[in-house]
Amino acid sequence: MERIGIIGAGQMGTGIAQICAVAGYDVRMIDVKDEVIAASLATIETNISRQVARGRLSVDAAEIAQQRIVTGKDYALFGDCDLVIEAASEDEEVKRDVLKSLVPHLSPDAIIATNTSSISITRLAAATDRPGKFVGMHFMNPVPVMQLVELIRAIQTEQPTFDTVRRLAESLGKTVSVAEDFPAFIVNRILMPMINEAIYTLYAGVGSVESIDTAMKLGANHPMGPLELADFIGLDTCLAIMHSLHSGLADAKYQPCPLLVKYVEAGWLGRKTKRGFYDYHSERPVPTR
């Protein structure tokens, strides 16, 4: 495996592109917006420069890594890729449309991976012309920092495909956790209901934003409070995962908190919009409730 394609130059796609380039793979990354691509490349340059400053990467290696990344807006860029990782929005219809646009441009042997955090791998695989060469590859955010990758096989995934993608994940310095194809897999099956319950706790007036986050950081030794973490992930993504859990498992305990729904309706999506459970317009985040 030499060339890796990435669909989406957002937070996840950017991180995946960075670690693949640093690991020695040629990277092809596309997005529909030029400004998103420009921001992605700037982020990668900043992150790699930070690695150089900390002595984790040589200047020459940093320059070579950045030169390995080729960007564009056309799926034809993936014609010589061995693997393409879809990292589009956490919306099943969007992902299906992306996959349908992708497959005509791939070589017959190319593998497709999806970075979905909650959607059925089996259903997405069925939307392609190569379900046996399709797998779930869920990176954690931020990708360059977090050590885990969840690997999820569709019912159709062939063993050689799974083994190849597992070796790739390990070559990127990641530890693999294998999950079955159930809604939200392992990490988000456990994490998102906790975040949702923290929002319910805020909604019920049990504690303020600051009180809830402080309680979990100091009382449960979490590095980040659940509401701060929700802002970091993106409240729209949290809501999408809760909808997947609720519809996929048909259990009332996964019903999204009405306050989460309202924040998303307001466009308060967390850090990326500079307002969520905290306001990020000043140097120090300020709780909004």
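These numbers come from a predicted model, not from an experiment.

The rules behind these values
- Residues numbered from 1 in each chain as written.
- Predicted model: local features only at pLDDT ≥ 70, side-chain atom pairs only at ≥ 80, totals over all residues.
- Heavy atoms only, no water.
- Helix = DSSP H or I, 4+ residues; strand = E, 2+ residues; numbered from the N terminus.
- Rg over C-alpha atoms; globule rule 2.2 N^0.38 Å.
- Buried < 20%, exposed > 50% of the residue type's maximum accessible area, 1.4 Å probe, protein only.
- Lys, Arg positive; Asp, Glu negative; His and termini not counted.
- Charge placed at Lys NZ, Arg CZ, Asp CG, Glu CD.
- Axes fitted to C-alpha atoms, helices over the stretch in contact; angles between N-to-C directions.
- Parallel < 35°, antiparallel > 145°, perpendicular 65-115°, else oblique.
- Contact = heavy atoms within 4.5 Å.
- Nonpolar A, V, L, I, M, F, W, Y, C, P; charged D, E, K, R; others polar.
- Pairing = 2+ DSSP bridges.
- Polar contact = N/O pair within 3.5 Å; in protein donor to acceptor, adjacent residues only side chain to side chain.
- 1 Å grid on protein atoms, 1.4 Å probe; cavity = no way out; pocket = protein on both sides within 12 Å on 5 of 7 lines; lining within 4 Å.
- Points joined across faces, edges and corners; volume = space filled by probe spheres on them.
- UniProt positions renumbered as here; feature names shortened; annotations may be inferred.
- Salt bridge = Lys/Arg side-chain N within 4 Å of Asp/Glu carboxyl O.

Q: Can you help me understand the overall build of the chain in this one?
A: Counting secondary structure elements, the chain contains eleven helices and ten strands. A compact globule built from 289 residues would reach a C-alpha radius of gyration of about 19 Å, and the chain, at 19 Å, matches this within 12%. Projected onto its principal axes, the C-alpha positions of the chain cover 55 × 45 × 30 Å. For the chain, the proportion of its 289 residues judged to be buried stands at 46%. When the 28 basic and 35 acidic side-chain charges of the chain are each reduced to a single mean position, those positions are 3 Å apart.

Q: So what exactly am I meant to see when it comes to the packing of helix 8 (residues 209–219) against helix 9 (residues 226–233) here?
A: A pair of packed helices is captured by two measures, namely the crossing angle of their axes and the spacing between those axes. It is the contact of helix 8 with helix 9, at a shortest axis distance of 7 Å, that shows an interaxial angle of 100 degrees. Relative to helix 9, helix 8 is oriented roughly perpendicular. Residues Val-209, Ile-212, Asp-213, Met-216 and Lys-217 of helix 8 lie in contact with helix 9, whose contacting residues are Pro-226, Leu-227 and Glu-228. Classifying every residue of the contact of helix 8 with helix 9 by side-chain character gives five nonpolar, no polar and three charged.

Q: Any chance you could explain the sheet that holds strand 1 (residues 3–7) here in plain terms?
A: Sheet strands pair by backbone hydrogen bonding; their relative direction is either parallel or antiparallel. If you walk across this open sheet you meet the eight strands as 3-2-1-4-5-6-7-8, and the pairing is mixed. With one partner strand each, in any of the chains shown, strand 3 (69–72) and strand 8 (175–179) form the two edges of the open sheet. Ignoring which end each strand starts from, the neighbouring axes of this sheet average 25 degrees apart. With four bridges connecting them, strand 4 (residues 83–86) and strand 5 (residues 111–114) associate as parallel partners. Counterpart to Ile-85 in the pairing with strand 5 is Ala-113.

Q: How do you make sense of the side chain of His-138 when you look at a structure like this?
A: Assignment of secondary structure puts His-138 in strand 6 (residues 134–139). Given the relative accessible area of 5%, His-138 is considered buried. Only 2.8 Å separates the side chain of His-138 from the side chain of Glu-150, close enough to count as a polar contact. With residues up to four places along the chain from it excluded, the contact list for His-138 reads Thr-114, Asn-115, Thr-116, Ser-117, Leu-148, Val-149, Glu-150, Ile-152, Phe-185 and Asn-188.

Q: What should I look at first to understand the layout of surface pockets in this one?
A: A probe matching the size of a water molecule, rolled over the atoms, marks out where space remains unfilled. Of the voids in this model, the second largest pocket is the one considered here, and its volume is about 580 Å³. Contributing to the lining of the second largest pocket are 25 residues, with Gln-18, Asn-47, Pro-142, Pro-144 and Val-145 lying nearest its centre. Secondary structure elements with two or more residues in the lining of the second largest pocket: helix 1 (11–22) and helix 2 (34–53). Here the lining of the second largest pocket gets seven residues from one element, more than from any other, and that element is helix 2. Grouping the amino acids of the lining of the second largest pocket by side-chain chemistry returns eleven nonpolar, ten polar and four charged.

Q: Would you take a moment to explain the UniProt feature "binding site: NAD(+)" (unreviewed entry) in the chain for this structure?
A: The sites that UniProt annotates as "binding site: NAD(+)" (unreviewed entry) are Gly-8, Ala-9, Gly-10, Gln-11, Met-12, Gly-13, Asp-31, Glu-90, Lys-95, Ser-117, Asn-141 and Lys-272. Within the annotated group just given, the residues that line the second largest pocket are Ala-9, Gly-10, Gln-11 and Asn-141. As for its position among the elements, Gly-8 is in the loop between strand 1 and helix 1. Residue contacts for Gly-8: discarding those within four places in its chain leaves Gly-13, Thr-14, Met-29, Ile-30, Asp-31 and Ala-87. When you line up the elements, Glu-90 lands in the loop between strand 4 and helix 4 (92–102). Separated by 2.8 Å, the side chains of Glu-90 and Thr-116 make a polar contact.

Q: Hey, could you run me through the pattern of salt bridges in this one?
A: Where charged atoms from two side chains of opposite charge approach closely, those side chains can pair. By the definition in use, this model includes 15 salt bridges. When the shortest N-O distance is used, the salt bridge between Arg-284 and Glu-210 registers 3.8 Å. One end of the pair, Arg-284, is in the loop between strand 9 (278–279) and strand 10 (286–287); the other, Glu-210, is in helix 8, with 74 residues separating them in the sequence. Owing to a relative accessible area of 42%, Glu-210 belongs among the partly exposed residues under this scheme. Via salt bridges that share partners, Glu-2, Arg-3, Arg-28 and Asp-80 belong to a single interconnected network.

Q: Even after reading the chapter, I still don't get the environment of Ala-21, so can you show me in this structure?
A: Tracing the chain through its elements places Ala-21 in helix 1. It is 6.6 Å that separates the C-alpha atoms of Ala-21 and Ile-69, two residues lying 48 residues apart in sequence. Beyond its immediate sequence surroundings of up to four residues, Ala-21 is in contact with Val-27, Ala-65, Arg-68 and Ile-69.

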